[in-house]
Amino acid sequence: MQHNNIPPSLHTEVRDNILLVTLNRPDKRNALNDATILGLENIFSNIPDGVKCAIIYGEGKHFSAGLDLSELSERNAVQGVHHSRMWHRVLDKVQFGTVPVVAVLHGACVGGGLELASACHIRVAENSTFYALPEGQRGIFVGGGASVRLPKLIGMARMTDMMLTGRVYNAAEGEQIGLSQYLVDDGAGLDKAFELAQKISANAGMTNYALMHVLPRIVDAGQDVGLMMESLMAAIAQDAPEAKQRLRDFLEGRAKKVGE
Ligand code: 1HE
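Since we're looking at a predicted model, the values are computed, not measured. (Residues numbered from 1 in each chain as written. Predicted model: local features only at pLDDT ≥ 70, side-chain atom pairs only at ≥ 80, totals over all residues. Heavy atoms only, no water.)

Student: So what's going on with the pairing of strand β3 (residues 53-58)? Residues and values would help.
Tutor: Counting buried residues along β3, 5 of its 6 residues qualify, which places the element largely inside the surrounding structure. Sheet topology note: the strand β2 (residues 18-23)/β3 ladder contains 6 bridges and is parallel. Looking across to β3, one finds that Leu-23 is bridged to Gly-58. Handedness of the β2-helix α1 (residues 34-45)-β3 crossover: right-handed. Here β3 runs beside strand β4 (residues 101-105); their pairing, made up of 3 bridges, is parallel. Bridging across to β4, Ala-54 finds its partner in Val-101. The handedness of the β3 to β4 crossover, carried by helix α2 (residues 77-95), is right-handed. (Buried < 20%, exposed > 50% of the residue type's maximum accessible area, 1.4 Å probe, protein only. Helix = DSSP H or I, 4+ residues; strand = E, 2+ residues; numbered from the N terminus. Pairing = 2+ DSSP bridges. Right-handed = clockwise from strand over helix to strand, strands pointing away.)

Structure below.
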């Protein structure tokens, strides 16, 4: 299945009710130009019926070289704000859309590519992955949400170091510090992502909704408000017929045990 009006730099297909979105500009290392970013907005605003999880993957040797630098040089300050806000709008659509998103990383996951990956809910990194924020060295600043999302994954000190010194983390280090939740052999990322996507798709809808939309707001709220939001979400989730059925299935021996 192809979405309408998406640029050649993106490709979509649905496999087993999982939407696979491919960054498809390998000759430019999947550099993210405006057409690609707007295409992602279109895709994540129009998730086909029945799809319960999405995967983002990069064609070629790299996940993404980040912002397309060839589009940057002529922009003035006002245009720069609007451009950055466009990225924010689109990556919010990825993070707060209708389905959880698994990113499969390999090769360069840098700058805006890392910002896109950070907006996803799960990151599976192949061994070849490396992470950097070259904005520091290019004389610019992050503009696609990294200041908000990255410190939550790795802490502010590590992000500061990446930009001040150009530090590059390899895949194993990235997993240790929280850039990815999974580390797999080269070439094994997509299979792992499909395996995870199938598990995600089997969850109750309200659980996935709570994890995507409520948990991040709880984390941003103070303790008092956060705990109240947790109680309200717990009450709503447990009230759903699907939750009641799942609990009965466990109590009557029909459900899998933890780890099975
Ligand atoms: C590009 C881009 C790009 C490659 N914009 N065209 N991001 C960066 O600063 C990373 C810049 N890229 C690199 O450091 C390297 O390209 C890689 C390490 C990712 C890959 O190296 P390699 O040897 O495989 O490829 P290459 O030979 O450097 O590049 C192949 C082509 O892709 C070449 O074009 P060609 O026409 O000469 O073949 C490159 O110019 C082109 N290319 N990366 C445009 N980024 C919302 S704000 C976010 C701010 C940022 O993301 S800043 C960080 C930008």
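Student: Go over the site of the ligand, please, and point to the residues and values.
Tutor: Around the ligand, the surrounding shell holds 22 residues, and the nearest of these are Lys-28, Arg-29, Ala-65, Gly-112 and Arg-138. Contact between the ligand and Lys-28: an oxygen atom at 2.5 Å from a side-chain N or O atom of the residue. At 3.1 Å, a side-chain N or O of His-62 approaches an oxygen atom of the ligand. Within the complex, 65% of the 1000 Å² of free accessible area of the ligand lies under protein. When contributions to the shell around the ligand are tallied by element, the ones reaching two or more residues are β5 (108-110), α3 (112-119) and α4 (135-138). (Near = heavy atom within 4 Å. Polar contact = N/O pair within 3.5 Å; in protein donor to acceptor, adjacent residues only side chain to side chain. Areas by Shrake-Rupley, 256 points an atom, 1.4 Å probe, with all protein chains shown as cover.)

Student: Quick one: what's the story with the domain arrangement of the chain, residue by residue and with numbers?
Tutor: Annotation of the chain at the domain level lists domain 1 (10-201) and domain 2 (205-251). Using C-alpha coordinates to define each centre, domain 1 is positioned 27 Å away from domain 2. The interface of domain 1 with domain 2 comprises 9 residues on the first partner and 6 residues on the second. Taking both partners together, domain 1 and domain 2 bury about 610 Å²; carbon and sulfur atoms supply 59% of that area. When residues of domain 1 are sorted by the area they lose upon contact with domain 2, Phe-96, Pro-100 and Lys-152 head the list and together hold 60% of the total. Put simply, domain 1 and domain 2 have 1 salt bridge between them. With a shortest N-O distance of 2.7 Å, Asp-220 and Lys-152 are connected by a salt bridge. (Domains from an automatic or database assignment. Contact = heavy atoms within 4.5 Å. Buried area = accessible area lost by both parts, 1.4 Å probe. Salt bridge = Lys/Arg side-chain N within 4 Å of Asp/Glu carboxyl O.)

Student: Explain the sheet that holds strand β8 (residues 169-170) residue by residue, including any values.
Tutor: Spatially, 3 strands are ordered β5-β7-β8 in an open sheet, and the strand pairing comes out mixed. Looking at which strands have only one partner, the edges of the open sheet turn out to be β5 and β8. Where β5 and strand β7 (residues 130-132) come together, 3 bridges link them in parallel fashion. By the bridge assignment for β7, Val-110 is matched with Ala-132. In this fold α3 packs onto β5 and β7, with an angle of close to 85° to the strand it touches most, β5. (Axes fitted to C-alpha atoms, helices over the stretch in contact; angles between N-to-C directions.)

Student: Before we move on, can you summarise the pattern of salt bridges with the specific residues and values?
Tutor: Inspection of the entire model under this criterion finds 11 salt bridges. Ionic pairing is found between Arg-25 and Asp-68, a salt bridge with its closest N-O pair at 2.9 Å. Of this pair, Arg-25 sits in the loop between β2 and α1 while Asp-68 is found in the loop between β3 and α2, placing the two residues 43 residues apart along the sequence. What makes Asp-68 buried here is its relative accessible area of 7%. A salt bridge links Arg-254 to Glu-252; the shortest N-O distance between them is 2.9 Å. Residue Arg-254 shares its accessibility class with Glu-252, and that shared class is exposed.

Student: Describe the environment of Phe-141, naming the residues involved and giving the relevant values.
Tutor: With respect to the helices and strands, the residue Phe-141 is situated in the loop between α4 and α5 (146-154). What makes Phe-141 exposed here is its relative accessible area of 56%. Sequence separation of Phe-141 and Ser-231 is 90 residues, and the distance between their C-alpha atoms is 38 Å. Aside from chain neighbours lying at most four places away, what touches Phe-141 is Glu-135, Ser-147 and Met-163.

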